Amino acid sequence: MEKILKNCIQCKVCGEVIESKSVYDFKACSCGTCSVDGGLEYLRRVADDKKSYVELSITEEIIDTK
Ligand SMILES: [Zn+2]
């Protein structure tokens, strides 16, 4: 299981860093190539190509000690 600490990407086309801070916080970069959504609940990426953005999200592995 993974915990999301930061949900953001950088667009390689316009260079803008966009961050989704809550579940319904849908952010698109200024050129419209890519966008993020999901906040700290899930990592949602909307882009034509994965190569069009740099993944900058920070996730933490949760170790279940049960
Ligand atoms: Zn862009």
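Sequence order sets the numbering: in each chain, residues are counted from 1 along the sequence as written. Thresholds applied to this predicted model are a pLDDT of at least 70 for local features of residues and 80 or more for the giving and counting of side-chain atom pairs; totals over whole chains, interfaces and linings are not thresholded and use all residues. Here the side-chain values reflect all heavy atoms present in the structure, with hydrogen atoms and water set aside.

Under an unreviewed UniProt entry, the chain has the name DUF7695 domain-containing protein and belongs to Clostridium porci.

Q: Is there a simple way to think about the UniProt feature "domain: DUF7695" (unreviewed entry) in the chain in this case?
A: UniProt positions are given in the numbering used here, feature names are shortened, and annotations may be inferred rather than shown by experiment. In the numbering used here, UniProt assigns the "domain: DUF7695" (unreviewed entry) feature to residues 3-60. Labels follow the DSSP assignment, with helices taken as runs of H or I lasting at least four residues and strands as runs of E lasting at least two, numbered in each case from the N terminus. Helix makes up 0% of residues 3-60 and strand 47%. Its end C-alpha atoms lie 5 Å apart.

Q: Would you mind showing me how to read the pairing of strand β2 (residues 8-11) here?
A: Sheet faces and side chains relate simply in a regular strand, where the side chains alternate between the two faces. Pairing between strands requires that DSSP locate at least two bridges from one strand to the other. Here β2 runs beside strand β3 (residues 17-19); their pairing, made up of 3 bridges, is antiparallel. Looking at the pairing, Ile 9 lines up with Ile 18 of β3. The hairpin turn running from β2 into β3, its antiparallel successor, is 5 residues long, and Gly 15 in that turn takes a positive phi close to 80°. Bridge count for β2 against strand β7 (residues 53-55) is 3 bridges, and the pairing is antiparallel. Opposite Cys 11, over in β7, you have Tyr 53 as the bridge partner.

Q: Explain the sheet that holds β2 to me, please; I cannot follow it from the model alone.
A: Across a sheet, strands are paired by hydrogen bonds formed along the backbone, either parallel or antiparallel in direction. Reading across from one edge, β3-β2-β7 is the order of the 3 strands in this open sheet, with antiparallel pairing throughout. Strand pairing shows two members of the sheet lacking a second neighbour, β3 and β7, which therefore form its edges. For this sheet, the mean angle separating the axes of adjacent strands, direction not counted, is 30°. Fitting a line to C-alpha atoms yields each axis, with helices limited to the stretch in contact; the angle taken between N-to-C directions then spans 0 to 180 degrees.

Q: What is the right way to read the nonpolar core from this model?
A: The nonpolar side chains of a soluble globular protein tend to be buried with one another. Residues Ile 9, Cys 11, Ile 18, Cys 29, Cys 34, Val 36 and Tyr 53 constitute the largest nonpolar core, which totals 7 residues. Where this core is concerned, the elements lending two or more residues are β2 and β5 (34-37). Contacts are assigned to residue pairs that have any heavy atoms within 4.5 Å of one another. The contact partners of Ile 18, leaving out residues within four places of it in the chain, are Asn 7, Cys 8, Ile 9, Lys 27, Ala 28, Cys 29, Cys 34, Ser 35 and Val 36. Grouping buried Ala, Val, Leu, Ile, Met, Phe, Trp, Tyr and Cys residues that are joined through side-chain atoms within 4.5 Å yields what is termed a nonpolar core. A 1.4 Å probe rolled over the protein chains alone gives each residue an accessible area, and that area as a share of the maximum for its type sets the label: buried under 20%, exposed over 50%, partly exposed in between.

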